[in-house]
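Per-entry structural report
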Amino acid sequence: CGLIPSQDSVRLENAFSFIVDDMVPDNYEIPFNIFMTDDSGEEWNSEFTVKASAPMFSFDEIIVDDASGNNNGRLDPGEEANILLVCSNQGHTAAPATRATLTAHSGFINVENPVEELGLLGLFGNKTATFNVSVDENAPVGILAEMIFNLTSGNISHEKIRPMRIGMVCEDFETGDLSMFNWQH
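Residues numbered from 1 in each chain as written. Predicted model: local features only at pLDDT ≥ 70, side-chain atom pairs only at ≥ 80, totals over all residues. Heavy atoms only, no water.

1. Observations concerning the environment of D136
- Within the secondary structure, D136 is located in the loop between β8 (126-135) and β9 (144-153).
- The sequence separation of D136 and F108 amounts to 28 residues, and the corresponding C-alpha distance is 5.0 Å.
- The residues contacting D136, other than those within four sequence positions of it, are P77, G78 and F108.
- Engagement of the side chain of D136 in a polar contact is seen with the backbone nitrogen of N138, the distance being 2.5 Å. (Helix = DSSP H or I, 4+ residues; strand = E, 2+ residues; numbered from the N terminus. Contact = heavy atoms within 4.5 Å. Polar contact = N/O pair within 3.5 Å; in protein donor to acceptor, adjacent residues only side chain to side chain.)

Listed below in structure tokens is the structure:
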């Protein structure tokens, strides 16, 4: 940068550039250490940090909407339902072209629309992805189906694995006389 007079300073615009990895975590402080020398061997050191901003996905709520079935909020054999994934971006920058996916690791559940394009998931914004699923009528009552939810935007992704019980067996006392099951005492 040439000669710097004593007791003076020089400001260099665009003197350095750096590339930030796509996978940088939100609020990560990137350390910089600048080491300077002059022609006479004098040395100076300067340190600073730059805070990185990135999307940070969160799964806020997973809802089973089986209003077209028995409306008990659970998946049951032979039932069609919507699984609603309420997701948000808790990071400090928007997530463009966000995509939500659902994979069911069970031969008894078919996900009719496994991918939903959410578009821009704004800074501290949220959106709901809706997945239509059908449960095989021969699904054993009480089995756990592993559901894998994923959000992606570019190279950033977030995954949640949630087991869902199919056809939970429970006495809900709605009969008023405990006649739902053949109780023994």
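2. Comments concerning the pattern of salt bridges
- The full count for this structure, using the stated rule, is two salt bridges.
- The closest approach of N and O atoms between R11 and E13, which form a salt bridge, is 2.7 Å. Taken as a pair, R11 and E13 share a single burial class, namely exposed.
- Note that E117 and R99 form a salt bridge whose closest N and O atoms lie 2.6 Å from each other. Of this pair, E117 sits in strand β7 (residues 115-121) while R99 sits in strand β5 (residues 95-105), and the two are 18 residues apart along the sequence. (Salt bridge = Lys/Arg side-chain N within 4 Å of Asp/Glu carboxyl O. Buried < 20%, exposed > 50% of the residue type's maximum accessible area, 1.4 Å probe, protein only.)

3. Some thoughts on the sheet that holds strand β4 (residues 80-89)
- Read from one edge to the other, the open sheet built from four strands follows the order β3-β4-β8-β6, with strand pairing classed as antiparallel. Each end of this open sheet is capped by a strand with a single partner; those strands are β3 (57-65) and β6 (109-111). Between one strand axis and the next, the sheet turns by 30 degrees as a mean value, whatever way the strands run.
- Sheet topology note: the β3/β4 ladder contains eight bridges and is antiparallel. For F57, the partnering residue across the bridge sits in β4 and is N89. (Pairing = 2+ DSSP bridges. Axes fitted to C-alpha atoms, helices over the stretch in contact; angles between N-to-C directions.)

4. As for the layout of surface pockets
- In this model, the second largest pocket occupies a volume close to 150 Å³.
- Around the second largest pocket, the lining residues are M23, V24, P25, D26, P55, M56, F57, I156, S157 and H158.
- The element contributing the most residues to the lining of the second largest pocket is strand β10 (residues 156-165), with three residues.
- Classifying every residue of the lining of the second largest pocket gives seven nonpolar, two polar and one charged. (1 Å grid on protein atoms, 1.4 Å probe; cavity = no way out; pocket = protein on both sides within 12 Å on 5 of 7 lines; lining within 4 Å. Points joined across faces, edges and corners; volume = space filled by probe spheres on them. Nonpolar A, V, L, I, M, F, W, Y, C, P; charged D, E, K, R; others polar.)

5. Considering the sheet that holds β9
- Ordered by their spatial adjacency, four strands build an open sheet running β7-β5-β9-β10, and the pairing between neighbours is antiparallel. Two strands lie at the open edges of the sheet, namely β7 and β10, each paired on one side alone. Within this sheet the neighbouring strands show an average axis-to-axis angle of 20 degrees, counted without direction.
- Judged from the 10 bridges that link them, β9 and β10 form a sheet pairing that is antiparallel. Bridging from a neighbouring strand, F149 pairs with K160 of β10.

6. So, a nonpolar patch on the surface
- A cluster of nonpolar side chains, contributed by I4, V10 and L12, occupies part of the molecular surface with about 250 Å² of accessible area.
- With respect to the helices and strands, the residue L12 is situated in the segment before β1 (29-37). (Patch = residues over 30% accessible without salt bridge, like charges linked within 9 Å, V, L, I, M, F, W, Y side chains within 5 Å. Areas by Shrake-Rupley, 256 points an atom, 1.4 Å probe, with all protein chains shown as cover.)

7. Some words on unusual backbone geometry
- At N71, a position not held by glycine, the phi torsion is positive, near 60 degrees.
- In this structure, N71 sits in the loop between β3 and β4.

8. With respect to the packing of aromatic side chains
- Tallied over the full model, the rule gives two aromatic pairs.
- Pairing F32 with F48 gives two aromatic rings, centres 5.1 Å apart and planes at 10 degrees, and the pair type is stacked. Here F48 lies in strand β2 (residues 43-51) and F32 lies in strand β1, a separation of 16 residues in the sequence.
- Linked through ring pairs, F18, F32 and F48 together constitute an aromatic cluster. (Phe/Tyr/Trp six-rings, centres within 6.5 Å; stacked < 30°, edge-to-face > 60°.)

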